[in-house]
Structure formats: C-alpha cells, structure tokens
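Each chain, letter by letter, is given below.
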Amino acid sequence: MMADVIAWLLVIVIAAYACAGGTDYGAGFWDLTAGGAERGKRPRWLIDHAMAPVWEVNNVWLIFVLIIMWTGFPVMFQAVFEALWLPLALAAVGQVLRGAGFALRKPTRRIAQRRVYGAVFAISSLLTPFFLGSVLGGVASGRVAVGTEASADAWANPTSLMAGLLAVAATAFLGAVFLCSDARRFGADDLVGYFRLRAWTAFAALVVLALVALPVTRDDARYVWDGLTSGLGLLMALLAGVCGLAAVLLLARRMYGWSRCSAVATVALAVLAWGFAQRPYLLPTTLTVSEAAGAAHSLRWLGIVTLIAVVLVGPALVLVYRLDTMGRLEPLTDTDTSAAGLPGDDQ
Amino acid sequence: MLSIAVHLANTPPQLLPAREQMAFTLAMHILLVPFGVALPFITVLMHYRALRRDDPVALLLARRWSAVMAVQFAIGIITGTVLSLEFGLLWPGMMGRWGDVFGLGFGVEAWAFFLEAILIAVYLYGWRRLKPWTHWWLAVPLPFTAAMGAFGIIAANSWMNTPQGFTLDAQGNPENVDVRQAIFTPMFGPQYWHFIVAMFMTAGYVVAGVYAVGWLRGRHDRYHKLGFTVPFTVAAILTPVQFFLGDNAARAVFHKQPVKFAAMEIVWKTDRHVPEYIFGRLHGNGTISGGIKIPQLDSILAGFKPSTQVTGLTAVPASDRPTPTEATIVHWAFDIMATIGSVLILLALWYAWIWWRHRDLPLNRWFFSCAALAGAACLITVECGWITTEVGRQPWIVYNNMRVSEAVTTTHAGGIWTMLGIVVVLYVTVFSAFLAVVLKMRTRWRIADEGAAARGAHGPETDIPYGPRREPVPGEAGAATGGGSGTPSGGAR
C-alpha cells in the first residue's frame, strides 16, 4: 500500500521534473537554434531573463527523483544505474556543462566568451533530455532487470531512441510555449510571434514522433505499449493529446497564460500515462512495485517527510513562480553593484 | 605485505577509478559548500546592518556578495547533482542494499535544499522590485534551510561511519529498519556541529580575506573595513567554539570508531600510555619514522589520563583496517587540521585583544596578512576533515558492514577511467572559469570605486578619505559610489 503511494510519488516527481526541468531544457534548445550572435541576440536575451530566476529550482527535481528511487526502491535504483550506466553518465556530464554554461554566461561581458558558454549550454540542453529520455525508454522496453549488465542494447534501441527524441520535442514545446508568455511579460512583442511559431513546430514534431513511435515500439516495448493503448493509460494519453491541442489553439487565440497550463498538463499527463501503463511494474516485466519496495518503516517516513515538505515547499514554490510571472524578479545590474566596464567589453 | 597483496588482488579493477572520481568530485564540491551554507547568513547580516542603520556601504557590500552568490550557488548545484548521480553510477551496490536504511537523510536534505534554492532565487532576484524589509525577511529562513540540508547530508555520512537502525537477516540483508535510529547515529551529533561551524568559519574567513587583501593593497576605506569586520567577527567568534567541537568529535571517534582513531593517531598496538605523534609516517611493520613524539599525550587526549587504553590498528585483521599508507594520509590530514585550527585560535585572540584595546581595526600589516591567509587555511582544513573521516573508514563504505569493493559498480574500469578524465577536465575548466568570472567582477567593482573616488576628489564636495560613500544613484551607469579608495594615504603602501 505505502509502496504504491511512493511509486506514484515517484511518477509525480518525474512529471514535475519533466515539466519544470523540461521547460528549462526547452529554453536551451531554442537558444541553440536561435542563429548567429547578432540574429539570436534578442531571443537569447529573453531566454536568459526568463530562465535565470527559476532554473536552479527547476533542476532540483532531478535530485528528488534519485532520492525517492534509492530510498523507496533501492533494488530498482541499483538495477537502473548498472544497466544504463553510459546514458546516465552522459546525462551527468550534460548537467555540468549545461549549468556551468548558463551560470557563467550571465556575468560574462565579452561576445567571444559568451558564445562559448552559450554553445556549451545549448548543446547540452539538447543532449541531456535525450539521454534521460532514452533511460526511460530503456526501462519501459523491459530491457532492465535486476542484475542486467551495462550494454549498448539497454539504451540504444528503438524504444529508447523514440523516448529520447520525444523528450527533446516535449522540452522544445514546453520551452517555446513558456517563452511566448515571457516575451509578452518582458514587453518583447516581436518575440511572441517568433516563439509561437516555434511552439507550433515543436508540437507538430511531437505529434509526428508519437505517431512514428506507435508502430516502432509495438513489439519492442510490448507491455507498456499495451498499457498505453488500453484502459487508464490510454485515457491519460488521449487527455494529454487533447491538452496539447488545446495549448496550440490557445496560442492561436493569444491566451498565453492558459496555453502554459495546458502545455504543462500535456507533459504531466503523458508521464502519468506511462505510469499507468507500467503498473504494477517498476521494471517491466520483471520487478513489481511491491517486490522492489524498501523497508516499510523507511517508506512511511519518506511519506511523512514528503508531506511536511509539501507544506513548507509548496507555498515557497508558489511564491517564486508568482513573483516571477508578475515580473518582480530581476537580476542585479551593473548599476546596482556599481560595476565599471572594462576594455574589451562588448555589452 | 603479503596480506596487502592478497587484498589488492581481490579488489575489482574498477574500484580505483571509481574511488578517484568520487574523491575528486567531492573534494571540488566541498570547496563550494561553505559558501552555499554560510554566505547567505553573512550576507543577510550585512544586509540587516544596511537597512537598520541606513548604511549605503553595507548595502553595496550585500548586493555585491549576492551577485557572487548567484554564480557560486549555481556551480554548487551542478556539482551537487553530479554527486547524487554518482551514488548510482559508482556505488550502486551500497544504494541497492542500504538505500532504504539511510536514504531518508538525503530526502530531508533534498527538500531543505529545494527550499533554499527557491528562497535564494527570490533573494538574488528580489533586490530591484521588492520592498527592502520584505526582501530581507524572505532571506531570513535561508540559514535555517542550509542547516537543515547539512543535517540530511551529515545524517547519511555519519550513518556510514556508525551504521545502526537495522538488523541483518540470514542472507546479510538489512531488515527491521528503524529510521530514527538510522538518522541519529552515535557520530551524528559530533559530526554535525563540527561541520556546520566549519562551514560558517570558512565562509567568514574567506570573505574577510578578500578585504584583508584589499586593505594590504592600501585601500583603507570604510568599504573594506566593513567588508572585513562583519565576516571576520563571525568566524573569530566561532573559532574557539570549533576547537572544542573538533576535540569532542575526535573523542567520539575514539569511542565509536576506534580503528579510525588509531589511523588518525597512527597507533599500531593497543596499549596504555600511548604517545602522541605530531606528523610522522607509519610503516608496514608498525614502526614510525619522523614526526615529533610526545610521551603519554595520546592517551591523555583520548581519556584525560595516561592510563587510558587506546585501540591500535592491529586490533583488527589487516583486511579490515586502513593500510599504513592510508593511515599516514589520515594522520597527516588530522594533524594539519588540528594545527591550522590552533593557529586560527591565536588569530581570533589577537583580533579580540585589538578590539578590546582599540575598539577599532589596527593598521597592522601582520594581522591583515594572517587574516588574508586564514580563508585559504580554512579551505584546507575542510578538505583535511573530510579526508580524515572518509579515508579513515577504509576499507569500509558502511563501517563493518560493507566494503567499498562490494559497493562499486560492475561497469568496465576503462569506462570509469574515461569518465574520470572527462570529469577532471570539465571540473578544472568550470572552476577556473568560475574563478575568472568572480575575479573579473572584483576588478569591475574596484575600477568603479576608484573612478568614483577620483571624480569625488576633483568635484565640489571632496569626500573625506575614510568617510562614508554616497548611495548608488539608480540609473547612473558604471561607477556610482564615492569614497577614498583610490588614493591611499599614510604609510600603508
């Protein structure tokens, strides 16, 4: 019973990471495609300003995913990290590059250096979600079991590839939708249309990929495929589709706040659909939730700690997102810290 | 020697690179931890002074510190995330068997850290648009969230040192887990307070050190005085406290992890009237070369009387204790930490004496030279403390319950060596870039201050050399403060 609660908690936290972290990765994706220094200057400026106050918060969700995995289901944690060593190691490297690139670009004033940091940030924004997606695909396809040795097959297979690409497309979609309303918030009206077009493109890519994935993964990830095409899994998947369409239509009607909500719902419901489809397995079709569950006492305490945390963190999270969307959060400028320009500065 | 050879033959080839990678990434991350834990507190303190006394210099300092914090916190987050991933990438065996026993500490840490990340975002980005006191109050919980985060991490680490809160079934797997016991292990209290105080001290001395250097370079203005005094006072008050806590922690190790204590003090045979060696090197046959030997002292330090029995390394089989080389490393780390700690006490006393006599900072180059070094010395003690606790536990990852070699991943050694290479290059690049960015910020601020001072000197209202600065004028680009930093006078240079 408690194990099921914790398993759903894990799914919810993964969904939260997919939405929050996803938006963040998506912003990085559009940074990558923004073009040369001159052409991409304004979109990059917007991405910088929109992401900066919340990117750390967005990425902390990953740590929760790991902690719930190893405290709640230690056997599963061990199996996943042994079998999928390489993509997870690459995701770790990607995390470092991405965070460092973003954090160091902000206070840098020279174009040449900014370009290097920006490129590092943008490329790893593409690679990290791909590898994390492929890990999810590897698990969903049933290639990971307790004791599986690390192998290329565990993550270089059709399901992993599709999951990785879907993850990238989903982050791009989320990122573009969020940047639309950010553009309006920062008064950059020309960028609203710019990102709206990109949100539509990303959604189209998402739909195409989902349609391609259906036949490709049918035999490759049979258990999850069946779960997604029947029962509650199908319902969630359909709802995700409806929300995605709604987000696109809301963008067309210029209702950016609502399109944000439905874009988040799209991704969250897609993750939930995967959760329903995989029931009762953590590692289809070899390890169930109850088999993998850690000590009952620990699970109960994990539940209690989570409850307390929701009470404490929830209001703070609402506060930061609210302050952010109200435009109350602004970076310190050179004037605030009274910094001088240096010879060689470009901006 | 034979036993060591047998021991090495039993270790899987991926153990060495896995261990090196963990050591390297942790050693780098731990350099940022003091600032993640304690810089918010010092900044909030300075910010309070600014608001309370309407002090523009304090306000400028608080703002600049939070600009540094913004970059530092980000780098700390990514190096911390890497560590969480490494638990799975390098030590899946430990997490697979013990994750549900000791993982909850990490759970507490993650939530606390999440709260800290949220509040720090509000603080760092709230300077411009929030009301001053609202902004300040939103930062007040920051030190508490940091302390809570450290609680979780130290709970997990002290559990590895003195594991409890479970029983073993017939296959050697843990059952009957009791979370409360697993979190509040015997080593938890001593380790926690020692760690927290170390973090505040280190952050204090490092930040003060920056302004001590400025002072030595002749910038004798109120800006440098304030930037030095606030963090230095915090650190100086904590230094004697830390001496007591460190001593307490060492004695807790003596009682709870006698073999680690034997390594820290290179005690070979269990005995009474054990001498204390200051430095020195332990050999495979139990002899010690070099170092200063003080008769009886080790027994006295451990139990307050010369007849105290101290467990030696040979009390357990060679395969269950640190090798002589490891013991020597632990011993040196411990001695360096204790030595620096003692010297810092003298520095704190010097400061107290000056303050008591003059109610002011001295124009004493020696004092500021020592103060400038205190920060770097503190960072060294942080590394040493961590080496003492981690290397001293070898060959165990979970003391007396799981060896490091049993916990290591099954991944091919070549893969881990490759990743280690990438990580080293990456970290060195990222840390150098981080340092370069911070130094560049400092240069910009210094030039702005000097420019303002020069302008002030020719303007109609010439600033008094050590007088207060003007409030930065919003909208005035670049240099915005006035003060006497550009033209040092007196015999300071």
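By the naming in an unreviewed UniProt entry, chain B goes by Cytochrome ubiquinol oxidase subunit I and is assigned to Streptomyces populi. Annotation of chain B in UniProt includes, under Subcellular location (unreviewed entry), the sentence "Cell membrane".

The name given to chain A in an unreviewed UniProt entry is Cytochrome BD oxidase subunit II, with the source organism recorded as Streptomyces populi. Check the Subcellular location (unreviewed entry) section of the UniProt entry for chain A; it says "Cell membrane".

Chemist: Would you take a moment to explain the overall build of chain A for this structure?
Modeler: A count of helices and strands for chain A gives 13 helices and 2 strands. Relative to its length of 347 residues, chain A is compact, with a C-alpha radius of gyration of 21 Å against a globular reference of 20 Å. Residues counted as buried form 59% of the 347 residues belonging to chain A. Intrachain contacts of chain A at a sequence separation of at least 6 include 80% that bridge at least 24 residues. On chain A, roughly 13300 Å² of surface is accessible, and the fraction owed to carbon and sulfur atoms is 70%. Here chain A contributes 25 positively and 22 negatively charged side chains, and the mean placements of these two sets differ by 8 Å.

Chemist: Help me understand the packing of helix α10 (residues 231-252) of chain A against helix α11 (residues 256-278) of chain A in this model?
Modeler: Packed helices, taken two at a time, are described by the angle between their axes plus the distance between the axes. All names here are of chain A. At a minimum axis distance of 8 Å, the contact between α10 and α11 shows a crossing angle of 165 degrees. The orientation of α10 relative to α11 falls into the category roughly antiparallel. Read as a crossing pair, α10 and α11 show a hand that is left-handed. Mapping the contact onto sequence places L232, G233, M236, A237, L239, A240, C243, G244, A246, A247, L250 and L251 in α10 and Y256, W258, S259, S262, A263, A265, T266, L269, A270, L272, A273 and F276 in α11.

Chemist: I'm lost on the UniProt feature "transmembrane region" (unreviewed entry) in chain A in this one. Help?
Modeler: UniProt records the feature "transmembrane region" (unreviewed entry) at residues 6-33, 54-77, 116-140, 160-179, 199-216, 228-251, 263-281 and 301-321 of chain A, using the numbering of this structure. A helix fraction of 92% and a strand fraction of 0% characterise residues 228-251 of chain A, whose end C-alpha atoms lie 28 Å from each other.

Chemist: Explain the confidence of the model for chain B to me, please; I cannot follow it from the model alone.
Modeler: Residues shown with low pLDDT carry predicted positions that ought not to be read at fine detail. All names here are of chain B. Of all residues in chain B, 90% have pLDDT values of 70 or greater, and the mean over the chain is 83. Least confident of the elements in chain B is helix α1 (residues 2-10), whose mean pLDDT is 51; most confident is helix α8 (residues 188-216), at 92. Contacts from residues 1-6, a stretch scored under 50 in pLDDT, to residues over four places away or in other chains number 2 contacts.

Chemist: Can you walk me through the side chain of Q257 of chain B in this structure?
Modeler: With respect to the helices and strands, the residue Q257 of chain B is situated in the loop between α9 (222-256) and α10 (258-264). Overall, the relative accessible area of 0% leaves Q257 of chain B in the buried class.

Chemist: Explanation requested: the state of the cysteines in the structure shown.
Modeler: Should the sulfur atoms of two cysteines be covalently bonded, the bond is a disulfide. Under the definition given, this model contains 0 disulfides over all chains. Lacking any disulfide linkage, C243 of chain A is separated from the closest cysteine sulfur, that of C261 of chain A, by 10 Å. Cysteine C370 of chain B shares no disulfide, and the gap to the nearest cysteine sulfur, in C378 of chain B, comes to 13 Å.

Chemist: Help me out: how do you make sense of a nonpolar patch on the surface in this one?
Modeler: On the surface, a nonpolar cluster with roughly 230 Å² of combined accessible area is contributed by L32, I123 and L127 of chain A. Along the chain, L127 of chain A turns up in helix α6 (residues 111-140).

Chemist: How should the nonpolar core be read in this particular structure?
Modeler: Nonpolar side chains in soluble globular proteins tend to end up buried together. Residues and elements named next belong to chain B. The biggest cluster of nonpolar side chains holds 259 residues, and the ones touching the most others in it are W91, M94, Y205 and F228. By residue number, the principal contributor to this core is helix α3 (residues 56-90), which donates 23 residues. Not counting chain neighbours up to four residues away, the residues in contact with W91 comprise L15, A18, R19, M22, E86, I397, V404, A407 and V408. Of all hydrophobic cores here, the second largest spans 28 residues; its members include A262, A263, L282 and V330.

Chemist: Would you mind going over α10 of chain A with me for this structure?
Modeler: Side chains that are three or four residues apart share a direction in an α-helix, a result of its 3.6 residues per turn. Residues and elements named next belong to chain A. If you check α10, its first and last C-alpha atoms are 32 Å apart, about what 22 residues at 1.5 Å a residue would give, namely 32 Å. Among all positions in α10, only G233, M236, A240, C243, G244, A247, V248, L250 and L251 are buried. For α10, the angular spread of buried residues about the axis comes to 165 degrees, placing them on one side. Away from its buried face by more than 90 degrees, α10 exposes G231, L238, V242 and L249. Buried residues belonging to α10 abut α7 (158-185), α8 (189-218), α9 (222-228) and α11. Count one or two residues on from α10 and you reach R254, which has phi positive near 60 degrees.

Chemist: Would you explain the interface of chain A and chain B in this entry?
Modeler: How big an interface is tends to be stated in terms of accessible area lost as the parts join. Taken together, the contact between chain A and chain B spans 71 residues of the former and 82 residues of the latter. In total, chain A and chain B occlude about 6900 Å² of area from one another, counting both sides; carbon and sulfur atoms represent 74% of this. Counting across the interface, chain A meets chain B through 0 salt bridges. Our enumeration of links across chain A and chain B arrives at 6 residue pairs in polar contact (both at pLDDT 80 or more).

How each quantity is defined
- Residue positions are given per chain, counting from 1 as you read along its sequence in written order.
- By the order in which they are written, chains take letters starting at A while ligands take numbers starting at 1.
- The model is predicted, so local features are restricted to residues of pLDDT at least 70 and side-chain atom pairs to those at 80 or more, both for listing and for counting; the totals for chains, interfaces and linings are taken over all residues.
- Side-chain measures were taken over the full set of non-hydrogen atoms in the model, leaving aside hydrogen atoms and water.
- UniProt positions are given in the numbering used here, feature names are shortened, and annotations may be inferred rather than shown by experiment.
- Where helices and strands are cited, they refer to DSSP runs of H or I of at least four residues and of E of at least two residues respectively, numbered from the N terminus.
- Here the globule rule is a power law, 2.2 Å times the number of residues to the power 0.38, and the radius of gyration is based on C-alpha atoms.
- With a 1.4 Å probe rolled over the protein chains alone, any residue whose accessible area is under 20% of its type maximum counts as buried; one over 50% counts as exposed, and the rest are partly exposed.
- For this analysis, residues touch if any pair of their heavy atoms sits within 4.5 Å.
- To be clear on the numbers: accessible area is Shrake-Rupley with a 1.4 Å probe, and residue cover counts the displayed protein chains and nothing else.
- Here Asp and Glu are counted as negative and Lys and Arg as positive; His is not counted, and neither are the chain ends.
- A charged residue contributes its charge at one atom only: NZ of Lys, CZ of Arg, CG of Asp or CD of Glu.
- For helices, the fitted line uses only the C-alpha atoms of the stretch in contact; every axis is such a line through C-alpha atoms, and the angle between N-to-C directions lies from 0 to 180 degrees.
- In this scheme, roughly parallel covers angles under 35 degrees and roughly antiparallel covers those over 145, while 65 to 115 is roughly perpendicular and the rest are oblique.
- What makes a crossing left-handed is the near helix being turned counterclockwise from the far one by less than a right angle; a clockwise turn instead makes it right-handed.
- Confidence of the predictor at the level of single residues is given by pLDDT, which spans 0 to 100.
- What counts as a disulfide here is a pair of cysteine sulfur atoms lying within 2.5 Å.
- The patches reported here contain residues having more than 30% relative accessible area and no salt bridge. Joining distances are 9 Å for like charges and 5 Å for nonpolar side chains (Val, Leu, Ile, Met, Phe, Trp, Tyr).
- Each reported salt bridge corresponds to a side-chain nitrogen of Lys or Arg within 4 Å of a carboxyl oxygen of Asp or Glu.
- Throughout this description, the term nonpolar core refers to a set of buried Ala, Val, Leu, Ile, Met, Phe, Trp, Tyr and Cys residues connected via side-chain atoms within 4.5 Å.
- By definition here, a helix of n residues has an expected span of 1.5 Å times n minus one.
- Here the arc refers to the set of directions running from the helix axis out to each C-beta atom.
- Note on terms: buried area is the combined drop in 1.4 Å-probe accessible area of two parts once they are placed together, counting the loss on both.
- Polar contact is the term for a pair of N or O atoms within 3.5 Å; when the atoms are in protein, one must be able to donate a hydrogen and the other to accept it, and sequence-neighboring residues count only if both atoms are side-chain atoms.

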